[in-house]
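Descriptive structure summary
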Amino acid sequence: EQSFQTYQGTTNDTGSITLRSDGVNYVDLRFISDGLYNLRAVTTSPGDGAASISDAVKVRVDSTAPSGGQIFWLAPNSDHPDNNTGIGQHDLTTSNTQPTFRVTLPPDAEAGNRVIINRDTTTPTSRIQVNYALTQADVDRGYADATALADVVSGEFRHYLQDQAENTQYQAKFDLTIDSA
């Protein structure tokens, strides 16, 4: 394997590029901070020292989970008829077995982030009941309405927000009651 160091500027070592004989190459940028970057390859001819610079490849480094503490409840009947049959919007009681949840979004939410709701487990990607990708319209209005993928039953659930780099922020644990009476 051939390996090359990567630099930001001329002296700030940010990681390495490894070229493997099987054609699978990877870039390790663990020392670079979060942000948007343009990566360019610079090659220098050993003979005359002439340099060649590639076109920029845009890269976003994101190691930070979305902010937390957002509000979560059943979406109102005015937008989703018969979605909420409890005493009020925030009691999380419904006779709808595929309810729609309204989730307020943090200021750093972006289109493409995901609202994930699962049966009570601390593994966000396990036992998923809702897996909703935010749209730009959701972000612009500050909330998303996410509907269960299939029928759910009463119990404990967890709500997560996951960004496109799969950084996940736990938001809340809640009890949902499906009123079948």
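Read on for a plain summary of the structure.

Cut-offs and rules
Residues numbered from 1 in each chain as written. Predicted model: local features only at pLDDT ≥ 70, side-chain atom pairs only at ≥ 80, totals over all residues. Heavy atoms only, no water. Helix = DSSP H or I, 4+ residues; strand = E, 2+ residues; numbered from the N terminus. Buried < 20%, exposed > 50% of the residue type's maximum accessible area, 1.4 Å probe, protein only. Areas by Shrake-Rupley, 256 points an atom, 1.4 Å probe, with all protein chains shown as cover. Contact = heavy atoms within 4.5 Å. Phe/Tyr/Trp six-rings, centres within 6.5 Å; stacked < 30°, edge-to-face > 60°. Pairing = 2+ DSSP bridges. Core = buried A, V, L, I, M, F, W, Y, C linked by side-chain atoms within 4.5 Å. Salt bridge = Lys/Arg side-chain N within 4 Å of Asp/Glu carboxyl O.

**Structural notes on the overall build of the protein**
Of regular secondary structure, the protein possesses 1 helix and 15 strands. Within the protein, the proportion of its 181 residues that are buried is 34%. Of the accessible surface of the protein, which amounts to about 10,600 Å², a share of 49% is contributed by carbon and sulfur atoms.

**Concerning the side chain of Asn113**
Tracing the sequence through the fold places Asn113 in the loop between strand E10 (100–104) and strand E11 (114–119). Classification of Asn113 by relative accessible area gives buried; the value is 2%. If sequence neighbours within four positions are ignored, Asn113 has contacts with Asp108, Tyr132, Ala133, Leu134, Gln162, Asp163 and Gln164.

**Let's talk about the packing of aromatic side chains**
According to the stated counting rule, one finds 2 aromatic pairs in the structure shown. Judged by centre distance (5.5 Å) and plane angle (15 degrees), the ring pair of Phe157 and Phe174 falls under stacked. Of the two residues, Phe157 sits in strand E14 (residues 155–162) while Phe174 sits in strand E15 (residues 168–178), which places them 17 residues apart along the sequence. Across the pair, Phe174 and Phe157 agree in class, each one buried.

**Quick word on unusual backbone geometry**
A negative phi angle is the norm for most residues apart from glycine, just as the trans form is the norm for most peptide bonds. With phi around 55 degrees, Arg127 is a residue other than glycine that occupies positive phi space. Mapped onto the fold, Arg127 is located in the loop between E11 and strand E12 (128–133).

**Examining the sheet that holds E15**
In spatial order, the strands read E9-E15-E14-E11-E12; together these 5 strands make up an open sheet with mixed pairing. Since the sheet does not close on itself, it has two edges, and those belong to strand E9 (93–94) and E12, each with one partner. One ladder, built from 6 bridges, connects E11 with E14; its direction is antiparallel. For Asn118, the partnering residue across the bridge sits in E14 and is Arg158.

**A few points about the pairing of E14**
Most of E14 sits out of view: 6 of its 8 residues are buried. Summarising the sheet, E14 and E15 pair through 8 bridges and their orientation is antiparallel. Paired with Arg158 across the bridge in E15 is Lys173. The turn joining E14 and E15, which pair antiparallel and follow one another in sequence, is formed by 5 residues; a positive phi near 65 degrees is taken by Glu166.

**Quick look at the nonpolar core**
Counting residues in each nonpolar core, the largest one holds 19 residues, and the members touching the most others are Phe101, Val115, Ile117, Leu134, Phe174 and Leu176. Elements represented by at least two residues in this core include exactly E10, E11, strand E13 (143–147), E14 and E15. In terms of residue count, the dominant contributor to this core is E15 (3 residues).

**Things to note about the pattern of salt bridges**
On inspection of all chains with the given rule, the structure shows 3 salt bridges. Note that Arg102 and Asp145 form a salt bridge whose closest N and O atoms lie 2.7 Å from each other. With Arg102 in strand E10 and Asp145 in strand E13, this residue pair connects regions lying 43 residues apart in the sequence. For Arg102, a relative accessible area of 9% gives the class buried. Looking at Asp145, the relative accessible area reads 15%, which means it is buried. Close ionic contact of Lys173 with Glu156 constitutes a salt bridge, the shortest N to O distance being 3.3 Å. With Lys173 in strand E15 and Glu156 in strand E14, this residue pair connects regions lying 17 residues apart in the sequence. What makes Lys173 partly exposed here is its relative accessible area of 41%.

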